[in-house]
Amino acid sequence: MKGQNAYLIDRFYNLYSDGLESGHLSSGDWQVVEAVIADDKRSEEQQDMIQRLLYCVNKGRITIQGVENAANAVRPLAKQYK
């Protein structure tokens, strides 16, 4: 389980930087974000990263492939992380 968590976090860090740079996340990337959100053992740094991603999606700076109107889809999550 520890190895799976390390892999998940590694993917999260990669998609975070790629998403901010490219302005796009795939639906698979978004599943990783949701898994990190659901993990109650995430670090403060990861919490901040989630908050930034949600903010960028909410403002339309990052789109999520396969999710129409992603800003509306993440708005409830974004309110939790203000």
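In this report, the structure presented in the accompanying data block is examined. (Residues numbered from 1 in each chain as written. Predicted model: local features only at pLDDT ≥ 70, side-chain atom pairs only at ≥ 80, totals over all residues. Heavy atoms only, no water.)

Here's the deal with the overall build of the protein
Part 1 of the reasoning: The number of helices and strands found in the protein is 4 helices and 2 strands.
Part 2 of the reasoning: Helices and strands appear in the protein in the N-to-C order α-β-α-α-β-α.
Part 3 of the reasoning: Per-residue burial for the protein yields a buried fraction of 35% across its 82 residues.
Part 4 of the reasoning: By sequence separation, contacts in the protein at least 24 residues apart represent 60% of the contacts at least 6 residues apart.
Part 5 of the reasoning: With the model as given, the accessible surface of the protein reaches about 5400 Å², and the carbon-plus-sulfur share is 46%. (Helix = DSSP H or I, 4+ residues; strand = E, 2+ residues; numbered from the N terminus. Buried < 20%, exposed > 50% of the residue type's maximum accessible area, 1.4 Å probe, protein only. Contact = heavy atoms within 4.5 Å. Areas by Shrake-Rupley, 256 points an atom, 1.4 Å probe, with all protein chains shown as cover.)

A word on the environment of Q31
Part 1 of the reasoning: As for its placement among the helices and strands, Q31 is situated in helix α2 (residues 27-38).
Part 2 of the reasoning: On the basis of relative accessible area, Q31 is assigned to the exposed category, the value being 55%.
Part 3 of the reasoning: For the pair Q31 and F12, spaced 19 residues apart in sequence, the C-alpha to C-alpha distance is 9.9 Å.

Comments concerning helix α3 (residues 44-58)
Part 1 of the reasoning: Here α3 is 15 residues long and its end C-alpha atoms lie 21 Å apart, about the 21 Å a rise of 1.5 Å per residue gives.
Part 2 of the reasoning: All of the buried residues along α3 are Q46, M49, I50, L53, L54, C56 and V57. All buried residues of α3 lie within an arc of 160° about the axis, which places them on one face of the element.
Part 3 of the reasoning: A positive phi of about 85° marks G60, the residue just after α3. (Expected span 1.5 Å × (residues − 1). Arc of directions from axis to C-beta.)

What to know about the pattern of salt bridges
Part 1 of the reasoning: Scanning the entire structure with this criterion turns up 1 salt bridge.
Part 2 of the reasoning: In this structure, R11 and D29 form a salt bridge, with 4.0 Å as the shortest nitrogen-oxygen distance. Taken together, the residues R11 in helix α1 (residues 2-22) and D29 in helix α2 connect sequence positions 18 residues apart.
Part 3 of the reasoning: Judged by relative accessible area, D29 falls into the buried class, the value being 19%. (Salt bridge = Lys/Arg side-chain N within 4 Å of Asp/Glu carboxyl O.)

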